[in-house]
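Survey of secondary and tertiary structure
One-letter residues, chain by chain:
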Amino acid sequence: MEKNESSHAYGIGIITIIVGMSVSIVFYQMYYIPESLLKPSVDEHILHPVKELIIEMIPGSANPNQQDNFVPKLVRIQLGIDNHVIWKNLDDTPHTVTPDHRAEDPYSGTFGSSGVVKAGEEYEFLFTEDQEIAYHCEPHPWMTGTLIITKQRF
Ligand SMILES: [Cu+2]
């Protein structure tokens, strides 16, 4: 009888350990892992800048003899002011926004349009870190632009 009771307690102990381990594993997978993969914390002012910056791909950009294509071509961006950039394709030809060298933002990821930006469509990107990016259009390499992103000056 006494032996029976102790093996019963032993069984409960084992079950408790197994349940405890399962809960720990579930907790680890559901909470700990996603937490560690979370995007870096970015200042609210940078996530919600004062205004959007629009760069137009103007009509005729596909023509190599036309001087202007990305307008404005050189832009200076201040984090917290106008770091939300939108490229609008006002042309009747598809274009791309492709960095000359691979460019990453720690919050927004890889910079550059995935595929073409069709006529009438747009590509947008939120910059959260200061960096300088030269970019071009893949099908029309004479279309070039430069972004200089700097921290806000107080
Ligand atoms: Cu183009």
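Residues numbered from 1 in each chain as written. Predicted model: local features only at pLDDT ≥ 70, side-chain atom pairs only at ≥ 80, totals over all residues.

**Digging into the overall build of the protein chain**
Check the secondary structure of the protein chain and you find two helices and ten strands. For the protein chain, the succession of helices and strands along the chain, N to C, is α-α-β-β-β-β-β-β-β-β-β-β. Taken over the C-alpha atoms alone, the protein chain extends approximately 100 × 40 × 25 Å along its principal axes. Scored against the burial criterion, the 154 residues of the protein chain give a buried share of 19%. Put simply, 67% of the contacts in the protein chain that link residues at least 6 apart link residues at least 24 apart. (Helix = DSSP H or I, 4+ residues; strand = E, 2+ residues; numbered from the N terminus. Buried ≥ 20, exposed ≤ 12 C-beta atoms within 10 Å, placed from the backbone. Contact = placed C-beta atoms within 7 Å.)

**Considerations on the sheet that holds strand β5 (residues 98-99)**
The strand order β3-β10-β9-β5 describes an open sheet built from four strands, whose pairing is mixed. The open sheet has two edge strands with one neighbour each: β3 (74-78) and β5. Bridge count between β5 and strand β9 (residues 131-136): two bridges; the pairing is antiparallel. Paired with Pro99 across the two strands is Tyr135, which belongs to β9. (Pairing = 2+ DSSP bridges.)

**Thoughts on the sheet that holds strand β1 (residues 52-57)**
Either a parallel or an antiparallel arrangement is found when strands of a sheet pair, and the pairing is made through backbone hydrogen bonds. As summarised here, the arrangement of the four strands in space is β2-β1-β4-β8, forming an open sheet in which the pairing is mixed. Looking at strand neighbours, the two that pair on one side only are β2 (70-71) and β8 (122-126), the edges of this open sheet. Note that β1 and β2 share two bridges and pair antiparallel. Residue Glu56 lies in a different strand from β2, and its bridge partner there is Val71.

**Structural notes on the domain arrangement of the protein chain**
Along its sequence, the protein chain is organised into domain 1 (8-38) and domain 2 (45-150). The C-alpha-based centres of domain 1 and domain 2 are spaced at 47 Å. (Domains from an automatic or database assignment.)

**Structural notes on the environment of Thr93**
Mapped onto the elements of the fold, Thr93 is located in the loop between β4 (84-89) and β5. Sequence separation between Thr93 and Ala62 is 31 residues; the distance between their C-alpha atoms is 7.0 Å. Ignoring sequence-local partners within four residues, the contact set of Thr93 consists of Ala62 and Ala119.

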